[in-house]
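Chain by chain, the residues:
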Amino acid sequence: MTVETPANPGTFGLLAALAAAGLFAAACGGGSTAAPPAAPTHLTDTKGDTIYLFAADHDGQSACTGSCASYWPPVAAGTPLAGPAPGSVGAITRPDGSRQETLGGHPLYRYIGDKSPGQTNGQGLNLNGGLWWTVTPGGAAITTSAPASGSGGGGY
């Protein structure tokens, strides 16, 4: 013998409401807790390599020559950059005759210590007679030091 229990009409209404709410949340993206990707805070080339400026440069001229330029290679004029302010990109002629990209009048460089896109190992270094800073897409120096990277053990 089978005994059937009549369904409670309120149960169906509640289930239908919950199902509708779940569909609505899914359609609106409300079920995701993932944050959207952050906009880059520093200038890179289109390959993602970090771009730097040298605080010792003055009057739009590069003070990084000789061995300095082997560690801080100048960005060649015409190098595509990711997101600079329109009209702020220019070029200078270096003492060796090569052309170097500028942003807002600042000569631009890469750092050989950055081994993969997005690294900022040169940020805040005091080398070759001055400080090295990453650059905003608007051309301003970012003068905060980069957080320490690697596995330092947390002081233990």
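Everything that follows concerns the structure shown earlier in this document.
Conventions and cut-offs
Residues numbered from 1 in each chain as written. Predicted model: local features only at pLDDT ≥ 70, side-chain atom pairs only at ≥ 80, totals over all residues. Heavy atoms only, no water. Helix = DSSP H or I, 4+ residues; strand = E, 2+ residues; numbered from the N terminus. Buried < 20%, exposed > 50% of the residue type's maximum accessible area, 1.4 Å probe, protein only. Contact = heavy atoms within 4.5 Å. Areas by Shrake-Rupley, 256 points an atom, 1.4 Å probe, with all protein chains shown as cover. Pairing = 2+ DSSP bridges. Salt bridge = Lys/Arg side-chain N within 4 Å of Asp/Glu carboxyl O.

Counting its secondary structure elements, the chain contains 2 helices and 9 strands. With 156 residues in all, the chain has 26% of them scored as buried. A sequence separation of at least 24 residues applies to 64% of the contacts in the chain between residues at least 6 apart. Carbon together with sulfur atoms contributes 61% to the accessible area of the chain, which is approximately 9,700 Å² in total.

Time to look at the pairing of strand β4 (residues 89-93). Sheet topology places β4 next to strand β5 (residues 99-103); 5 bridges connect them, and they run antiparallel. Residue pairing across strands places G90 opposite T102, the latter belonging to β5. Between β4 and β5, which pair antiparallel and follow one another directly, the connecting turn spans 5 residues, one of which, G97, has a positive phi of 95°.

A separate point is the pattern of salt bridges. Scanning all chains against the criterion turns up 1 salt bridge. With a closest N to O distance of 2.8 Å, R110 and D45 form a salt bridge. Of the two residues, R110 is situated in the loop between β6 (106-107) and β7 (126-127) and D45 in strand β1 (residues 44-45); the sequence distance between them amounts to 65 residues. Judged by relative accessible area, which is 2%, D45 ranks as buried.

Let us look at unusual backbone geometry. Excluding glycine, a negative phi dihedral is what most residues carry, and trans is how most peptide bonds are arranged. In this model, D59 sits at a positive phi of 55°, which is unusual for a non-glycine residue. With respect to the helices and strands, the residue D59 is situated in the loop between β2 (52-54) and α2 (67-71). Backbone geometry places N128, a non-glycine residue, at a positive phi of 60°. Structurally, N128 is set in the loop between β7 and β8 (130-135).

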